[in-house]
Amino acid sequence: MRSNIFEYIRRAQNGTYMDENDFNMKLFRTCSKLVKEYDIKFDKEKIVVGDEAMADRLFKASLDLCLEMGMFCVDTNRIIEFTMEELQTALMLAPQEMILGEGKDIRVMRARKFDDGYRMTVCGGCPGTPLPEELFLPIMMSYAKEPLLDIIIPGSLVTVDGMGVETGGPLEIRACRQEMMWMREALERAGRPGTHIYAAGESSATELGTLAICNPRYMRISDSHMIPVLSELKTDKIRLSRVMTGYEYPAFTTSLIDPIIGGFGGGPEGAALVQAAAMIMSTTVYGVDMHCLHPIHNKYISGSTKEGLWVDSITGRAFAQNAPLASLADAWTTAGAGTEEILYETAALAITQEMSALHTDSLGATNGVYPNCSGLESRFFAEVTLAAFNQKLTVDEANELVLRLFKKYEHGFENPDLGLPFPEVYDIKTIEPKKEWNDTYKRVKDDIAAMGLNFAF
Amino acid sequence: MVDKDILQHICTAIETPDPDETVKAVEKAVDFGVAPLEIVGALTDGITTLGDKFERMECFLPELILGADAMDVSMKLLKPKMEELNLETGPAGTVVISNIQGDIHDIGRDIVVTMLRVAGYQVEDMGHDVKPNLMIDKALECDADIIAVSTLLTTSLPFAREVLRLLDARGLSGKFKVVMGGGAVTPEYCEEIGAGYGDNAAAAVKLVKELIDGGDSK
Ligand code: B12
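The rules behind each value
Residues numbered from 1 in each chain as written. Chains lettered and ligands numbered in written order. Predicted model: local features only at pLDDT ≥ 70, side-chain atom pairs only at ≥ 80, totals over all residues. Heavy atoms only, no water. Helix = DSSP H or I, 4+ residues; strand = E, 2+ residues; numbered from the N terminus. Rg over C-alpha atoms; globule rule 2.2 N^0.38 Å. Buried < 20%, exposed > 50% of the residue type's maximum accessible area, 1.4 Å probe, protein only. Contact = heavy atoms within 4.5 Å. Areas by Shrake-Rupley, 256 points an atom, 1.4 Å probe, with all protein chains shown as cover. Lys, Arg positive; Asp, Glu negative; His and termini not counted. Charge placed at Lys NZ, Arg CZ, Asp CG, Glu CD. Pairing = 2+ DSSP bridges. Axes fitted to C-alpha atoms, helices over the stretch in contact; angles between N-to-C directions. Domains from an automatic or database assignment. Buried area = accessible area lost by both parts, 1.4 Å probe. Salt bridge = Lys/Arg side-chain N within 4 Å of Asp/Glu carboxyl O. Polar contact = N/O pair within 3.5 Å; in protein donor to acceptor, adjacent residues only side chain to side chain. Nonpolar A, V, L, I, M, F, W, Y, C, P; charged D, E, K, R; others polar. Near = heavy atom within 4 Å. Parallel < 35°, antiparallel > 145°, perpendicular 65-115°, else oblique. Left-handed = near helix turned anticlockwise from the far one by under 90°. Donors = N, O, S within 2.8 Å, 3.2 Å for Na, K, Ca; no water. Right-handed = clockwise from strand over helix to strand, strands pointing away. Phe/Tyr/Trp six-rings, centres within 6.5 Å; stacked < 30°, edge-to-face > 60°. Lys NZ or Arg CZ within 6 Å of the ring centre and 35° of its normal.

Draft legend 1. Structural context of the overall build of chain B. On a plain count of helices and strands, chain B comes out with nine helices and five strands. At 19 Å, chain B has a C-alpha radius of gyration in line with the 17 Å of a compact globule built from 218 residues. Going through the 218 residues of chain B one by one, you find that 50% of them count as buried. Pairs at least 24 apart in sequence give 73% of the contacts found in chain B among residues at least 6 apart. If you sum the accessible surface of chain B, you get close to 10,000 Å²; carbon and sulfur atoms cover 51% of it. Between the mean site of the 20 positive side-chain charges and the mean site of the 38 negative ones, chain B shows a separation of 3 Å.

Draft legend 2. Structural detail: unusual backbone geometry. Cis peptide bonds are those with omega within 30 degrees of zero, and the linkage from A:Ser231 to A:Glu232 qualifies with -10°. Tracing the chain through its elements places A:Glu232 in the loop between β12 (224–229) and β13 (234–235). The omega torsion across B:Thr16 and B:Pro17 is -5°, close enough to zero to call that bond cis. For B:Pro17, the position within the fold is in the loop between α1 (2–15) and α2 (19–31).

Draft legend 3. Structural view of the sheet that holds strand β18 (residues 326–332) of chain A. All names here are of chain A. The strand order across the open sheet built from five strands is β12-β14-β16-β18-β19, with neighbouring strands paired in parallel fashion. Where the open sheet ends on each side, the last strands, each with one partner, are β12 and β19 (359–364). Pairwise comparison of adjacent strand axes, ignoring direction, gives a mean angle of 25° for this sheet. The sheet contact formed by β12 and strand β14 (residues 252–257) spans six bridges and is parallel.

Draft legend 4. Structural detail: the domain arrangement of chain B. All names here are of chain B. Each assigned domain of chain B is listed with its residue range as follows: domain 1 (2–85) and domain 2 (94–212). Each of domain 1 and domain 2 was reduced to a C-alpha centroid, and the two centroids are 28 Å apart. Counting from both sides, the interface comprises nine residues of domain 1 and, opposite them, seven residues of domain 2. Both sides together, the interface formed by domain 1 and domain 2 hides about 780 Å², and carbon and sulfur atoms give 73% of it. Three residues, Leu61, Leu64 and Ala68, lead the burial of domain 1 against domain 2; their summed loss comes to 43% of the area buried on that side. The interface formed by domain 1 and domain 2 includes two salt bridges. Measuring nitrogen to oxygen at the nearest pair gives 2.8 Å for the salt bridge that ties arginine 117 to aspartate 72. On the surface where domain 1 and domain 2 come into contact, there are two residue pairs in polar contact (both at pLDDT 80 or more). In terms of residue count, the dominant contributor to the side of domain 1 that touches domain 2 is helix α4 (residues 61–84) (six residues). When grouped by side-chain class, the residues that make up the side of domain 1 that touches domain 2 number six nonpolar, no polar and three charged.

Draft legend 5. Main features of the site of the ligand. Residues in close proximity to the ligand total 48 residues, the closest being A:Asn367, B:His105, B:Asp106, B:Ser150 and B:Thr154. Here a nitrogen atom of the ligand and a backbone polar atom of A:Thr129 are 3.5 Å apart. Here a nitrogen atom of the ligand sits 2.8 Å away from a polar atom, N or O, in the side chain of B:Ser150. Elements with a minimum of two residues in the shell around the ligand: β12 and α8 (237–245) of chain A together with α5 (107–118), β3 (146–150), β4 (177–181) and α9 (201–213) of chain B. For the shell around the ligand, the element with the most residues is α5(B), which contributes four residues. Class assignment of the residues belonging to the shell around the ligand gives a composition of 24 nonpolar, 17 polar and seven charged.

Draft legend 6. Spatial organisation of the packing of helix α10 (residues 306–322) of chain A against helix α13 (residues 395–409) of chain A. Residue and element names in this part refer to chain A. The contact between α10 and α13 brings their axes to 12 Å, and the two run at 155°. Put simply, α10 runs roughly antiparallel to α13. Between α10 and α13 lies a crossing of right-handed hand. Within the contact between the two elements, α10 uses Lys306, Leu309 and Arg317 and α13 uses Val395, Val402, Leu403, Phe406 and Tyr409. Residues that form the contact of α10 with α13 fall into these classes: six nonpolar, no polar and two charged.

Draft legend 7. Structural view of the coordination of the cobalt atom of the ligand. Among protein atoms, the single one acting as a donor to the cobalt atom of the ligand is B:His105 (NE2), 2.3 Å away. Considering the arrangement of structural elements, one finds B:His105 in the loop between β1 (94–99) and α5.

Draft legend 8. Summary view of the sheet that holds strand β3 (residues 78–80) of chain A. All names here are of chain A. Across the sheet, which stays open at both edges, the four strands sit in the order β1-β3-β2-β13 with mixed pairing between neighbours. Pairing within the sheet leaves two strands with one partner each, and these edge strands are β1 (16–17) and β13. Pairing analysis gives two bridges linking β1 to β3, with the strands arranged antiparallel. Bridge pairing links tyrosine 17 to arginine 78 in β3.

Draft legend 9. Focus on the packing of helix α2 (residues 20–37) of chain A against helix α9 (residues 268–286) of chain A. Residue and element names in this part refer to chain A. Taken N-terminus to C-terminus, the directions of α2 and α9 make an angle of 105°; their axes are 9 Å apart at the nearest point. Considering their axes alone, α2 and α9 lie roughly perpendicular with respect to each other. Across the interface between the two elements, Leu27, Cys31, Leu34 and Val35 of α2 pack against Glu269, Gly270, Leu273 and Val274 of α9. Class assignment for the residues of the contact of α2 with α9 results in six nonpolar, one polar and one charged.

Draft legend 10. Structural context of the pairing of strand β2 (residues 122–125) of chain B. Residue and element names in this part refer to chain B. Pairing geometry for β1 and β2, over four bridges, is parallel. Looking at β2, one finds that valine 95 is bridged to valine 123. The parallel pair β1 and β2 is bridged by α5, and the resulting crossover is right-handed.

Draft legend 11. Examining the environment of A:Leu87 more closely. All names here are of chain A. Looking at the secondary structure, you find leucine 87 in helix α4 (residues 84–93). Judged by relative accessible area, leucine 87 falls into the buried class, the value being 0%. The residues contacting leucine 87, other than those within four sequence positions of it, are Leu63, Cys66, Leu67, Phe82, Ile280 and Thr284.

Draft legend 12. Expanded view of the packing of aromatic side chains. Residue and element names in this part refer to chain A. For the coordinates displayed, the defined rule picks out 13 aromatic pairs over all chains. Ring centres of tyrosine 300 and phenylalanine 413 lie 5.3 Å apart, and the angle between their planes is 20°; on these two criteria the pair is classed as stacked. With tyrosine 300 in the loop between β17 (296–297) and α10 and phenylalanine 413 in the loop between α13 and α14 (422–425), the pair connects residues that are 113 residues apart, well separated along the chain. Taken together through their ring pairs, the aromatic side chains of Tyr300, Phe406, Tyr409 and Phe413 make up a single cluster. Between arginine 110 and the ring centre of tyrosine 118, over which it is positioned, the NZ or CZ distance is 3.3 Å. Its end group placed over the ring of phenylalanine 114, arginine 317 keeps NZ or CZ at 4.1 Å from the ring centre.

Now the structure itself:
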């Protein structure tokens, strides 16, 4: 394991004591100071960031933030402090290339740089979305069936045999194992048994479920599990237990970073700073191989807000230029399957991520709340990234396109169209999109093609 | 005229929000003999503007917290004066709140807590991952009006329901109103288990106000 986890656990026990509220308010002051000092500015007309110098400044500011704040352990009220040497060593050791999955289904996951000739790795699925038991397998099959999706992420099972799963209770174990059994079945039935399962064990909010799936029947070492950073710049014993889970069971790991735009970091600039610092801290303390980026708009949640897109774009650029990491951004939409809006949101997210040297952690329709999701919008995501990549869009062209797409869905933030549950957009026997949903998809694709995006097919 | 300037100063200071400046301005107003109720009025105007700005995303959570802190300190400062004049100094009511067992999504709760404080309620914030029985103990201890439960995890919903079941088991049904919110909670679920529901922080304040001012909270 790349992280010196024992040392960080020691610091979580013995570091400087601090009241949590004081930590939060210190973060706000420090972020405000650094944002000014490093002249970081959100521009709502420049969502896809091309400003190389500002991205470099963000990177430098985030190292300062790590040194000034440290990582707060909420169980002990202690601060895990860092030296610059520790942070830089961790960044240097971060994997630049990984083989995910097995056999002929492997995919290479790269720490992306600009113009290195590679496009993103596309993850499909419905991250953590609570799915009804009876729909879990068909929904996951709808993603497994899409060949453009390189890796797959599960939804959550919140009932098992009709019984509600409780956080930290015995059913978390059963739910996570069942989730993995169905994920494997979905992939086998689609003829791709070796495909990487990203963030395995979504059905567990604690370390119980993760521990329960450390067995090749469930999560293989070629799959990955997720270790969240608590917002902002915090950790706790459960998260550190997930790190320890990987100590002798070397499946891949990914962080989950959710900076709140309008929260303790401040506005979009502060949230970008916090996101970047959390990437460095989780590389250092958790020793994660990948990162999942998920800025939250404090009113609308969605990643498709201008603020959310910008935060991902500038962080993606900052790391690609300074310390490449394999980062998968969440693509969370306000709208649900079956609507035109979700497809426009998808396209804006896909272009922004592809142009910012990011990968995707897939779509969270309705912000991960309702099972109104399907493989089709994930396929569309992949098609858009492919088009943006092949066409070699410039930053300005991409930005202009994203701004036009934004106009097509912005009305949904105040009045969301949550779309339809899976069985209403897909035939659950054939696992194929129903005509209406397919027609909507074609219509929107034609419209976006007319805006100037050259789809391969 | 002097009074008006002083009051404007208070209003601007809390709206900024600058707790130290607010306290200075309040102290000055007291020294000049401005009526306590007028001072409270200026403070309320300032904090209301700040709350509106937060709703429009023109300021952020930490600023709202600073505003609420400034309000708290100022009210403590005014307390003796208000008591001298036999004016009401107590909070509008008391709310015990937490993210229920297993849930650590505390950002939404932080916002709700701050908005309730801004609206003048005494808030006992128990933090996150709190066992249902401990919430009830706390509500008894501080003679609360309302128990407010936040959860974003469907798998923590059973613990939210447990609050009501335990109130019943402990013979305390009806003693406290229970309200809930957070992404995993739906209005239908609340209706089914007999709790109030709020979709966002503004709705939380409205709900608490209705339940307390409705007069049947205890
Ligand atoms: C940020 C976030 C995180 C952060 C939390 C950081 C923090 N300190 O809060 C981190 C990364 C730590 C995290 C972890 C996890 N998360 Co999470 N997370 C989110 C996310 C993306 C946003 C939540 C948020 O902050 N919203 C912004 C705030 C402002 O909104 P809010 O909380 O809803 O609050 C507002 C209202 O609801 C209301 N309100 C809130 N409380 C109350 C109370 C009362 C009384 C009232 C009246 C109103 C009210 O007012 C608030 C202000 O307007 C949601 C997605 C979503 N759609 O919400 C997922 C989500 C909640 N998480 C989810 C999951 C699965 C997890 C994990 C299990 C992931 C994992 N595999 O480890 C863990 C579980 C941790 C735990 N034990 O709780 C799922 C839950 C699914 C479910 N229904 O069960 C969601 C829906 C996303 C998903 N599909 O994956 N997460």
